[in-house]
Amino acid sequence: QGDRQYHPPTQMEPASTLERRLRAGEFVVTSEITPPLSSKTDKLIQHIEATKCHVSGINFTDNASATPRMTSWACGQIAVAHGAEPVLQISARNRSRSNFQSEVIGATALGIRNILCISGDSARLSPAPREKMEINDLDAVQMLWILRRMRDEGRYLDGREIKFPPKFFLGAAASPFASSPKFQALREQKKVHAGAQFFQTNLVFDIGGMEVWLNELAKRSVLDKVYILIGITPIKSLKMALVLKEVPGVYMPESILQRMNAANAAGNALEEGVQIALELISKIKTYHGQGIHGIHLMPVAWDEIVPRIVTEAGLTPKDFEFDHTPQEQNNAHHIEK
């Protein structure tokens, strides 16, 4: 059951600190931290502690490239335990509709309040022996629709009532350069109608192309209904730049390739990548209030660079905390009921 119309969220109070900061008009920063390949959490906790004071939310990817790692919800629970705000990424790949609903209920019970729904990378990217390719019970739009109804109408997909509906801030991925901007705007509009309250975009290196995409969103009356965080990554090397050029949904301008090529020859590619990221952030900040509400850093296993980028960009979050912890709010909700 699709929706041709927009359904504003029914919850009045922000579900998370990330939502509260966005509502307050701050230019926010979120960042990814790569989940560990093993059960050892020392490095994960180290990155969480180093990052949490510089961002409004920390994303934990859900088996990117269809490759097994620690689950996003486990990383999110560790983040909550260490005073950080997690963004749970949950992909449709290999999830049934019943499993998806139960995982979100469990995650919110553990204090996770930000949910990012994605269709997920194809199993073709996974290492051999590969999983079955035909397990596609849901896509991102359907996931958003299901969660919006669970939260706002208090019902599972099968119609059963949820006595204490989960509270969360619902997000989705957006990709300005995946295809023609007008077609991408249609896809983004579907996600907003389904329930997306914020977007974290794929990587952006071309500000002009981003503006074209924003204009197409404006034509579909999307910009006033969703918070948009633009994806940024510091390029670590010329090799990384060349790889990104071939990634679907990413447009790498020739000017950036030339800069990275010159920096590689001079032996300072790492620093040049940081400077390019800072320049892009500076330009994106000028769109604050014109459809853009922040940035989403994707450091690609270079998590330790995030504090420097946020500090030098002048984007360290303001002190803006909940009156109560998520658990206290949940308890208060139960008492009121």
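Residues numbered from 1 in each chain as written. Predicted model: local features only at pLDDT ≥ 70, side-chain atom pairs only at ≥ 80, totals over all residues. Heavy atoms only, no water.

### Section: the pairing of strand β1 (residues 28–33)
Part 1: Within β1, six of the six residues are buried, which leaves the element mostly enclosed by the surrounding structure.
Part 2: Here β1 shows no split at all, with Val28, Thr30 and Glu32 on one side and Val29, Ser31 and Ile33 on the other all buried.
Part 3: Here β1 runs beside strand β2 (residues 57–60); their pairing, made up of four bridges, is parallel. Paired with Ile33 across the strands is Phe60, a residue of β2.
Part 4: With helix α2 (residues 42–51) bridging β1 and the parallel β2, this β-α-β connection has right-handed handedness. (Buried < 20%, exposed > 50% of the residue type's maximum accessible area, 1.4 Å probe, protein only. Helix = DSSP H or I, 4+ residues; strand = E, 2+ residues; numbered from the N terminus. Pairing = 2+ DSSP bridges. Right-handed = clockwise from strand over helix to strand, strands pointing away.)

### Quick look at the environment of Val192
Part 1: Summarising the element assignment, Val192 is placed in helix α6 (residues 181–194).
Part 2: Relative accessible area serves as the criterion here: at 1%, Val192 is assigned to the buried category.
Part 3: As for Val192 and Asp3, which are separated by 189 residues in sequence, their C-alpha atoms are 9.8 Å apart.
Part 4: Those residues within four positions of Val192 in sequence are excluded, and the remaining contacts are Tyr6, Phe199, Val222, Lys225 and Val226. (Contact = heavy atoms within 4.5 Å.)

### As for the sheet that holds strand β6 (residues 198–203)
Part 1: The eight strands are arranged β1-β2-β3-β4-β5-β6-β7-β8 in a closed barrel whose pairing can be described as parallel. Here the average twist between neighbouring strands, direction ignored, is 25°.
Part 2: Relative to strand β8 (residues 294–297), β1 runs parallel, the two being bridged by four bridges. What sits directly across from Val29, in β8, is Ile295.
Part 3: Along the sheet, helix α3 (residues 72–81) contacts β2 and β3 (86–91); its crossing angle with β3, the most-contacted strand, is approximately 175°. (Axes fitted to C-alpha atoms, helices over the stretch in contact; angles between N-to-C directions.)

On their own, these measurements won't tell you what the molecule is for.
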